[in-house]
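This is what each chain is made of:
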Amino acid sequence: MAPTEKELEAFRGEVKAWFEENRPPEPDFLLPQSFMEVGTDEQFYFLRDWQNKVYEAGYLGMAWPEAYGGRGMDQAWQNVVTREMVRQQVPFMVNTIGLNWAGPLILMMGSEEQKKRYIPNILSAEEIWCQGFSEPDHGSDLGNAQLKAERDGDEFVLNGSKIWTSLGRHAKHMILLARSNPEANSKYEGLSFFLAPMDVPGIDVVPIKKMTGEYGFNQTFFTDARIPASTLIGGEGNGWKVAMATLMFERGASGGQAGGHAQMQRESSHLIDLARRSKRGGKPAIEDPLVRDQLVKFVMRERSVRLNSARSAHKALTQDRPHAISISGKYLITELTREMNEYALSLQGTNGAFYVGDPGAVDKGLWHRAYFNAFSATIGGGTSQIQQNIIGERVLGLPKS
Amino acid sequence: MAPTEKELEAFRGEVKAWFEENRPPEPDFLLPQSFMEVGTDEQFYFLRDWQNKVYEAGYLGMAWPEAYGGRGMDQAWQNVVTREMVRQQVPFMVNTIGLNWAGPLILMMGSEEQKKRYIPNILSAEEIWCQGFSEPDHGSDLGNAQLKAERDGDEFVLNGSKIWTSLGRHAKHMILLARSNPEANSKYEGLSFFLAPMDVPGIDVVPIKKMTGEYGFNQTFFTDARIPASTLIGGEGNGWKVAMATLMFERGASGGQAGGHAQMQRESSHLIDLARRSKRGGKPAIEDPLVRDQLVKFVMRERSVRLNSARSAHKALTQDRPHAISISGKYLITELTREMNEYALSLQGTNGAFYVGDPGAVDKGLWHRAYFNAFSATIGGGTSQIQQNIIGERVLGLPKS
Amino acid sequence: MSEKVTISFSEEQEQLLEVAINFARDKSPIKTVRALIEDDLGYDGDIWQEMVDLGWLGVALPEEYGGIGLSLAEVVTLAEPMGRHLMATPFYAVTLTGQALLAGGTEAQKQEWLPKLASGTLGACAFYEPSGEWNLGAPDAVATRDGDSLRLSGSKCAVVNGAGAEVLIVSLLLEGAPALVLVEKGQIPDGALRREVSIDETRRTYGLSLDGITVPASQLLDPARTHEALKHIGKVGCLLLAADMCGAAQAALDYIVEYLNTRKQFDRLIGSYQALKHPTVDVLCAIESARSHLYYAAGEFDGPQGDMAVRMAKVAAQGALSFAGDRAIQFHGGFGFTYDCDAQLYRRRAIWGQSQFGDSAYHRQRLAAMLFDAS
Amino acid sequence: MSEKVTISFSEEQEQLLEVAINFARDKSPIKTVRALIEDDLGYDGDIWQEMVDLGWLGVALPEEYGGIGLSLAEVVTLAEPMGRHLMATPFYAVTLTGQALLAGGTEAQKQEWLPKLASGTLGACAFYEPSGEWNLGAPDAVATRDGDSLRLSGSKCAVVNGAGAEVLIVSLLLEGAPALVLVEKGQIPDGALRREVSIDETRRTYGLSLDGITVPASQLLDPARTHEALKHIGKVGCLLLAADMCGAAQAALDYIVEYLNTRKQFDRLIGSYQALKHPTVDVLCAIESARSHLYYAAGEFDGPQGDMAVRMAKVAAQGALSFAGDRAIQFHGGFGFTYDCDAQLYRRRAIWGQSQFGDSAYHRQRLAAMLFDAS
């Protein structure tokens, strides 16, 4: 039953207090801003323990079924928690792929056995998940995935390579899109989707240095790696459909995620705060009319993304193009994030010259790193240019390019 | 022989004085800003007489051969005149197509007879020229021109229609791209180029109302119109090459024009002047930091177009991509013009509501009209989007879209 | 803004929206819009009467003054579809006049005029002046006391539907302070109203010379509420224009998409070219954002964020329509440049909307103060 | 600007440009650039010596001080190709130091130091401070007179090639007025220089603590010329950075074009997609404009439009490189996000260039004053 506003308000107070009391002390190393940026073991274990603590407190997977470690409650309760986590800017939930993509996917189309096997450990962070979609030579062209999965009895033998596997070194499982039938009628029909174990022989995870100078991504090599056929999900040859469903979770176009925020957001409020602290000609930058005008533009764009979500609640207000908002969200927010972080550099005057690790770097160099990392979102999961194609074709019905 | 700087300086003084003395008094109707906007007879005759006067004074076609009505002088002299005309903002030279595209084309590849026949009357404005390139259904796709030109003895019979024929009602001749051989191997090989007379039976010119609410463009219909084969230029079947050469003149990528300015430019200086006269919050808009910032951006873009031309004089400074500047010029200047005129509307406060004809319209509504008319340049002669293709493919060597 | 945001949307809004969508589509096909451009009055009296009969002029007026007693949120659901179909009626002018009277009128004025406005009597607002300034609180026009009368002088412009109005609300200075005065049709000398050449040809606006107009002092609106009334008028104006421009922007987008899906160049539908497709996607996104700002502002109008939300709605709608109109012209190629192409109708409407109640830079400046300077 | 504009370009410039293009290309392939990032010194001493032997450090210094007696226009023709190949040498620091001394030094200082700088002795400039402000005329660092000595205090940052420099020019306040002081290597205590973590890893910059440094008063630069010297330094800094960034932007463009012409997606070369092609065209146009501004500024440096031209050159180059670098990352897709992709080198360089001698908004503000407020 849906909770009342009053109940939720009371709950929010409780949640607020819990996070205030239990948020982990700031470590002496710089924390990553999302699961894609976890580059060291100390960062990983810190975040894993924190997710586990939140789960143990009952604040994760609240709307997931009790049978699989959830609490079977209305989504509204979880949303209160998630928003409070964002508000207090506590560290994010590191098992992001498990909580937001793999988990809902398994709940939607996994077997009973798969649900029992995987879901509880996703919530507790005992088993970390990673994603095996992109390949080195087919960045945006998911349908062209070439990693081979040859059936051999009740096993599949994997050969090939996946790239951008965040948390690959810590992951126990991978959601994997592979080519099980190279002879299929279309490239899409030849794909299958696996909940692949990462701890079988023949899987090598090699870290990739990012342009930030840090690690966090990997390339994963498969050499005659054998995985059980029971890890198939959605049925052999249906990999493309499963992958599309997963992307709907990834883009936030489908609900059902376990909750908990997935990244430390750089919001306009942080940028405004930076402008208050920065000087231009001896005065706070926030007093500069040009800075003000630009900041208002950012605030409005950020608001519009939230307001779009709010408007989605009313069918009458989205009747013309019902999917416009959900399909365009990723494009809007990722480009905004990149631009805001880039703009932050111009507020730093001569100190924009300093990077992470320099005592003179503004906010420890966070803005520089955030700007660079923002590209992982304007590139990953379909580049902004591909997003524009998708929006144009699916929402406006324009012909394919 | 090239004149010295000193000689040119002296000449400039003379030219300056002549235009100051001879510029026509402001008429009681609003003058058009280019030949594409000539909508009434009174506008046309005013401008024709003015061009004739400038020619009679010896200030037009100065670098064209004496044999055809020019003066055979170095181009530098003509440039002094043209710049002075721009500086003083005297009315433009109305026979624009004749002076800048048809004229140089005939001089480059016309027969001796054609040169003698056409060139002198172009300069004197006795014979006005128009252009027959675009067709109603093939806006940007020039190579696909469908107007039929069937040979019949020493005549060609024309059937079809051309659109955007500025000055069509006043023109004596048209540079015409037509399909003389529908069976040719490629669509390009089937084209021929004519210096077609407009006063033969079977040619109808119908005015088109522009979005400004004014006229200036026409659609020209050809119904069994017969023109002499002697009006062919470049040879039968070579129409595409001739058209491309013409476009190089149109885009300013080839020199050889007769000189004289072709339009009343809306320059950043006019915009700055408007900002001085406009009020924002009781103060001149020019004191508003946001307005200032935007105006500086415009000034810089405008300057860069001029500086690009200046840099073109030095091969060492254009060695990497020798054609970049000439090929991109049209795109840069037309988009800048559109944006500047659009911006001008925001400087007018509540008075931006008034259009040409209202006594409350700022500068008689010139800015609104100029903004609308600016689209004729971002669309005509290959849209900005097509220009970007051309630049990408010809200058950067990128594959075709 | 990390708190949860909701957009309130009432059942009444939902019902009115449906009705208005159908009404505007049926009554204002583009042919009619173009025909009315040539018409001197500029709108169809029968259709106007239908709107009156539907009670739409009283939607946001209290029942005690003959209204329906809903709010401006419901008015937005009427104004947006009208904007989408470039519907030309005095709806905007009469609504604004009613709101001005409601916020600033004396009890007697409200009792006399609001029921009339609710039942279709025309009203108009005369705020702007040749100075071109947006600040409603600093007019150049003047009223001078002459016994029990006020003698007006100065000139006004951009008076929407001014010619047919039975009552006009005029801003001016009285004894050095801004004031609002009610002027009745009969008090306006012949020739004092002059039809203007508006950039938006679907609108009828008028210049008004105040010189020689004298009205009883009782026609002064409540001086104690002038400030509040001007603020309210500004907010209402922005909200109505935001709704209008949001609607028009959607029509401009539809118009672009239709062309991109039918027109071929180089043997391909032009919508397959990313050079046209991607900017069109950006137009869509601008419109979706603008609509979200609009309906948030509609629901939040009287709330703590109302002023901010309304300004943002105007900025967003203005931006979306200007962009959509500009690209609509460009993407229609040669045809886009003709008067027959509807693209110009949208672009002209955006220019007009920009000229009223402050442009985007103006509002962003004020938004900055609200967002960054709050103590 | 309806007058005729010309860009002067001397024979010496043309010759030097050719030589520098070949030199930079040969000596600074991208492998070398990346190797030097890992190197503590950050540049190749042998190559530096070659540049010294070519006389490049004396190009814009008068012959009487051991220079060649050409101008900064010729220096630009050297700096642009170096930027194009991300060449790491102390050329920038030494040139700037020489110009600072030339404009602000006493005759004795110039006679002592300029010939040394012209022949390869390293110099550096210490202007910036933790305040982050660009105004060179308002430092926080202070010099106090102590008999015939000056005691310095405060801290400086972003001192390019500070560690190896034999001489540093330091800005500070002396008796409340801005002043420039020459500090010799031997006068800097151990540990006072700290290598910084620069966003541009091809640069070596240092923080400098002035506390405890004492120099003879004779090391004060000519106080009568401080104002002029600071102005000159700002102009030179902008010009050198404009050249550097123009060069780098061209390399970034080449890097994009190369990828667009080889990488396939969905079975098509990605350069055939207008979503990538058209922004790349805009990068090209930005670069062409920036180069035109640059060479105009180079030729006009000491002319009446010099100050304006140099600021415009910096703004244009900054904009072109930031844009080119940002799009280079994006258009390289997943690879663009890796350290191995050169796109990041260009983007980092743009961020660094933005941080020095004023960003674009800063210069536009000053340009506005020159353009619009001149009497």
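Residues numbered from 1 in each chain as written. Chains lettered and ligands numbered in written order. Predicted model: local features only at pLDDT ≥ 70, side-chain atom pairs only at ≥ 80, totals over all residues. Heavy atoms only, no water.

1. Side note on the overall build of chain A
Looking only at helices and strands, chain A features 11 helices and nine strands. Here chain A has a C-alpha radius of gyration of 22 Å; the compact-globule value for 401 residues is 21 Å, and the two agree. Structurally, chain A occupies a C-alpha span of about 75 × 50 × 50 Å along its principal axes. Residues classed as buried in chain A amount to 61% of the 401 residues present. Taking contacts inside chain A between residues at least 6 apart in sequence as the whole, the part at least 24 apart equals 72%. Here chain A contributes 44 positively and 48 negatively charged side chains, and the mean placements of these two sets differ by 6 Å. (Helix = DSSP H or I, 4+ residues; strand = E, 2+ residues; numbered from the N terminus. Rg over C-alpha atoms; globule rule 2.2 N^0.38 Å. Buried < 20%, exposed > 50% of the residue type's maximum accessible area, 1.4 Å probe, protein only. Contact = heavy atoms within 4.5 Å. Lys, Arg positive; Asp, Glu negative; His and termini not counted. Charge placed at Lys NZ, Arg CZ, Asp CG, Glu CD.)

2. Considering the overall build of chain C
If you tally the helices and strands in chain C, you get 12 helices and 11 strands. The globule rule puts the C-alpha radius of gyration for 375 residues at 21 Å, and the 21 Å found for chain C is close to it. Seen through its C-alpha atoms, chain C measures out along the principal axes to roughly 80 × 50 × 40 Å. Out of the 375 residues in chain C, the part that is buried amounts to 65%. Of all intrachain contacts in chain C linking residues separated by at least 6 positions in sequence, the fraction that spans at least 24 positions is 77%. Each charge sign in chain C was given a centre, from 32 positive and 48 negative side chains, and these centres are 7 Å apart.

3. A word on the interface of chain A and chain C
At the junction of the two partners, chain A supplies 46 residues and chain C supplies 50 residues. In total, chain A and chain C occlude about 4300 Å² of area from one another, counting both sides; carbon and sulfur atoms represent 60% of this. Linking chain A to chain C there are six salt bridges. Between Arg321 of chain A and Asp254 of chain C there is a salt bridge, and its shortest N-O distance comes to 2.8 Å. Every element with two or more residues in the side of chain A that touches chain C is listed here: helix H3 (75-88), helix H7 (268-277), helix H8 (289-312), helix H9 (324-346) and helix H11 (384-395) of chain A. The dominant element in the side of chain A that touches chain C, judged by the number of residues it contributes, is H8 of chain A, at 14 residues. (Buried area = accessible area lost by both parts, 1.4 Å probe. Salt bridge = Lys/Arg side-chain N within 4 Å of Asp/Glu carboxyl O.)

4. Structural notes on the interface of chain B and chain C
At the interface, 48 residues of chain B touch 43 residues of chain C. When the two sides are added together, the surface that chain B and chain C hide from each other amounts to roughly 3600 Å², 57% of it contributed by carbon and sulfur. The largest per-residue losses of area from chain B upon contact with chain C belong to Met211, Thr350 and Gln385 of chain B, which jointly make up 18% of the total buried on that side. Run the count over chain B and chain C and you get four salt bridges. Ionic pairing is found between Glu342 of chain B and Arg347 of chain C, a salt bridge with its closest N-O pair at 2.8 Å. The interface formed by chain B and chain C includes 18 residue pairs in polar contact (both at pLDDT 80 or more). Sort the elements by how many residues they give to the side of chain B that touches chain C and helix H10 (residues 366-379) of chain B lands first, with eight residues. (Polar contact = N/O pair within 3.5 Å; in protein donor to acceptor, adjacent residues only side chain to side chain.)

5. Side note on the sheet that holds strand E8 (residues 205-209) of chain C
The pairing of strands in a sheet happens through backbone hydrogen bonds and is either parallel or antiparallel. Residue and element names in this part refer to chain C. Strand order across the open sheet formed by three strands is E4-E8-E7, with antiparallel pairing between neighbours. Every other strand in the sheet has two partners, leaving strand E4 (155-160) and strand E7 (193-195) as the edge strands with one partner each. Pairwise comparison of adjacent strand axes, ignoring direction, gives a mean angle of 25° for this sheet. Of the pairings in the sheet, the one linking E7 to E8 comprises three bridges and is antiparallel in character. Opposite Arg195, over in E8, you have Tyr206 as the bridge partner. (Pairing = 2+ DSSP bridges. Axes fitted to C-alpha atoms, helices over the stretch in contact; angles between N-to-C directions.)

6. As for the environment of Leu398 of chain B
You can see Leu398 of chain B is positioned in the segment after helix H11 (384-395). Overall, the relative accessible area of 5% leaves Leu398 of chain B in the buried class. On a C-alpha basis, the gap between Leu398 of chain B and Gly252 of chain B in space is 23 Å, while along the polypeptide they are 146 residues apart. Setting aside its immediate chain neighbours within four residues, Leu398 of chain B contacts Gly392 and Glu393 of chain B together with Val257, Leu260, Asn261, Gly271 and Lys277 of chain D.

7. Things to note about helix H8 (residues 289-312) of chain B
The terminal C-alpha atoms of H8 of chain B lie 34 Å apart, and with 24 residues this matches the ideal 34 Å at 1.5 Å per residue to within 8%. Between the side-chain oxygen of the N-cap and the backbone nitrogen of Leu290 of chain B there are 2.7 Å, and the N-cap of H8 of chain B in question is Asp288 of chain B. (Expected span 1.5 Å × (residues − 1).)

8. Examining the confidence of the model for chain C
With 99% of its residues at a pLDDT of 70 or more, chain C shows a mean pLDDT of 96. Both scores are available for the predicted complex, with the pTM at 0.92 and the ipTM at 0.94. (pLDDT = per-residue confidence, 0-100.)

9. Observations concerning the pattern of salt bridges
Once their charged atoms are close, side chains differing in charge can pair, the charge on each being opposite to the other. All names here are of chain A. Under the counting rule described, the total for this entry stands at 100 salt bridges over all chains. Asp363 is paired through a salt bridge with Arg277; the nearest N and O atoms lie 2.8 Å apart. Separated by 86 residues along the polypeptide, Asp363 in the loop between H9 and helix H10 (366-379) and Arg277 in helix H7 bring together distant segments of the chain. Overall, the relative accessible area of 26% leaves Asp363 in the partly exposed class.

10. Observations regarding the sheet that holds strand E8 (residues 205-209) of chain D
Residue and element names in this part refer to chain D. Ordered in space as E4-E8-E7, the three strands form an open sheet in which the pairing is antiparallel. A strand with exactly one partner marks an edge of an open sheet, and here the two such strands are strand E4 (155-160) and strand E7 (193-195). On average, each strand axis in the sheet is tilted by 25° relative to the strand beside it, whichever way the strands run. For E4 and E8, the ladder comprises four bridges, and the chain directions are antiparallel. In the sheet register, Lys156 faces E8, and the bridge partner there is Leu208.

11. A few points about the packing of aromatic side chains
Enumeration according to the criterion identifies 52 aromatic pairs over all chains in this entry. Taking 6.0 Å as the distance between ring centres and 70° as the angle between the ring planes, the aromatic pair formed by Phe19 of chain A and Trp50 of chain A counts as edge-to-face. Taken together, the residues span a long stretch of sequence, with Phe19 of chain A in helix H1 (residues 5-22) and Trp50 of chain A in helix H2 (residues 41-56) at a distance of 31 residues. The class for Phe19 of chain A is buried, based on a relative accessible area of 0%. Here the aromatic rings of Tyr128 of chain C and Phe357 of chain C are separated by 5.8 Å at their centres, their planes lie at 70°, and the arrangement is edge-to-face. Here the residue Tyr128 of chain C occupies a position in the loop between strand E1 (123-126) and strand E2 (142-146), and Phe357 of chain C occupies one in the loop between helix H11 (343-355) and helix H12 (360-372), the gap between them amounting to 229 residues. Like Tyr128 of chain C, the residue Phe357 of chain C is buried in the burial classification. Taken together, the ring pairs connect Phe11, Trp18, Phe19, Trp50, Tyr59 and Trp77 of chain A into an aromatic cluster. It is Lys209 of chain B that lies over the ring of Tyr339 of chain C; its NZ or CZ is 3.9 Å from the centre. Of note, Lys116 of chain D hangs over the ring of Trp113 of chain D, and the distance from its end group to the ring centre comes to 4.4 Å. (Phe/Tyr/Trp six-rings, centres within 6.5 Å; stacked < 30°, edge-to-face > 60°. Lys NZ or Arg CZ within 6 Å of the ring centre and 35° of its normal.)

12. A closer look at the environment of Pro279 of chain D
All names here are of chain D. Here Pro279 lies in helix H8 (residues 274-300). Each C-alpha atom of the pair Pro279 and Glu228 lies 41 Å from the other, and the pair is 51 residues apart in sequence. The residues touching Pro279, leaving out its near neighbours within four places in the chain, are Gln274, Phe323 and Phe331.

13. So, the state of the cysteines
Residue and element names in this part refer to chain C. All told, the structure shown has zero disulfides over all chains when counted by the stated rule. Cysteine Cys238 shares no disulfide, and the gap to the nearest cysteine sulfur, in Cys246, comes to 13 Å. Owing to a relative accessible area of 3%, Cys238 belongs among the buried residues under this scheme. (Disulfide = S-S within 2.5 Å.)

14. Points about the packing of H7 of chain A against H9 of chain A
Residues and elements named next belong to chain A. Look at H7 against H9: their axes get within 10 Å of each other, and the N-to-C directions meet at 5°. Judged by the inter-axis angle, H7 sits roughly parallel to H9. Contacts between H7 and H9 involve Ser268, Leu271 and Leu274 from the former and Met340, Tyr343 and Ala344 from the latter. (Parallel < 35°, antiparallel > 145°, perpendicular 65-115°, else oblique.)

15. Details of the side chain of Thr96 of chain B
Relative to the helices and strands, Thr96 of chain B is located in helix H4 (residues 96-109). Setting aside residues up to four positions removed in sequence, Thr96 of chain B forms contacts with Phe35, Trp101 and Ala262 of chain B.

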